[in-house]
Amino acid sequence: MVYTLCIGSNEHRHANLAFARRRLAEAFPGIRFSREVDTEPLRLSRRALFANQVARFESALGRTEVVDCLKMLEREVGSTQEERQIEIIRLDIDLLACDGEIYKKEDWKRAYVRKGMEELDKEY
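None of the values given here were measured: they were computed from a predicted structure. (Residues numbered from 1 in each chain as written. Predicted model: local features only at pLDDT ≥ 70, side-chain atom pairs only at ≥ 80, totals over all residues. Heavy atoms only, no water.)

Draft legend 1. The nonpolar core, seen in detail. Of all hydrophobic cores here, the largest spans 22 residues; its most connected members are Leu 5, Ile 7, Leu 24, Ile 31 and Leu 91. Excluding residues that lie within four positions of it along the chain, Leu 24 makes contacts with Leu 5, Ile 7, Ile 31, Phe 33, Leu 70 and Leu 73. Of all hydrophobic cores here, the second largest spans seven residues; its members include Cys 6, Val 54, Leu 96 and Val 113. (Core = buried A, V, L, I, M, F, W, Y, C linked by side-chain atoms within 4.5 Å. Buried < 20%, exposed > 50% of the residue type's maximum accessible area, 1.4 Å probe, protein only. Contact = heavy atoms within 4.5 Å.)

So this is what it looks like as structure tokens:
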């Protein structure tokens, strides 16, 4: 199955995205990443910039197993619900799509997601 992810962080953002890339590459060999982009926060009062990027990989794992892995990586970097409540996002990894099935339709409208997908499509 082909999975598409969106990765973001607004706390130690570049270091946390580097951590995510490293761990995702270990978990999903062959994963490809778009360029990292700094973006303004959406719907948050905390004005800390986000670093975001898109990734795509193939895996025989099912959707539940992949999501469990993503949530484990978020916890590894120290992401907690308590911090999210005060808008500190150490790491957020969202599953955007699997084999063409879209999960986060609103995210697909974001400029950095569209641009990241264009980058990944050019490489494919």
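Draft legend 2. Just the pattern of salt bridges, in detail. A complete count under the given rule lists 15 salt bridges for this structure. Arg 13 is the salt-bridge partner of Asp 38, the closest N and O atoms lying 3.2 Å from each other. In this pair, Asp 38 sits in strand E3 (residues 37-39) while Arg 13 sits in helix H1 (residues 13-27), placing the two residues 25 residues apart along the sequence. The class of Asp 38 is partly exposed, set by a relative accessible area of 39%. Lys 71 is the salt-bridge partner of Glu 74, the closest N and O atoms lying 3.2 Å from each other. Of this pair, Glu 74 and Lys 71 both sit in helix H2 (residues 63-76), three residues apart, which is roughly one turn of the helix. Overlapping salt bridges bring together Lys 71, Glu 74, Arg 84 and Asp 92 as one network. (Salt bridge = Lys/Arg side-chain N within 4 Å of Asp/Glu carboxyl O. Helix = DSSP H or I, 4+ residues; strand = E, 2+ residues; numbered from the N terminus.)

Draft legend 3. Focus on the pairing of strand E4 (residues 50-58). By the criterion of burial, E4 is predominantly enclosed, with eight of the nine residues buried. Pairing of strand E1 (residues 2-9) with E4, which is carried by eight bridges, proceeds in the antiparallel orientation. Bridging from a neighbouring strand, Ser 9 pairs with Ala 51 of E4. Bridge analysis of strand E2 (residues 32-33) against E4 gives two bridges, and the strand direction is antiparallel. Each residue of the ladder has a partner; that of Phe 33, found in E4, is Ala 55. Alignment of E3 against E4, held across three bridges, turns out to be antiparallel. (Pairing = 2+ DSSP bridges.)

Draft legend 4. Expanded view of H2. With 14 residues, H2 extends 20 Å from end C-alpha to end C-alpha; this agrees with the ideal 20 Å at 1.5 Å per step. When we look at burial in H2, the residues that qualify are Val 66, Cys 69, Leu 70, Leu 73 and Glu 74. The arc that holds the buried residues of H2, viewed along the axis, is 140°, so those residues lie on one side. Turned more than 90 degrees away from the buried face of H2, the exposed residues are Thr 64 and Arg 75. Looking at the buried side of H2, the elements it contacts are E1, H1, E4, helix H3 (81-85) and strand E5 (92-98). Note on H2: the residue one or two positions beyond its end, Gly 78, has a positive phi of about 100°. (Expected span 1.5 Å × (residues − 1). Arc of directions from axis to C-beta.)

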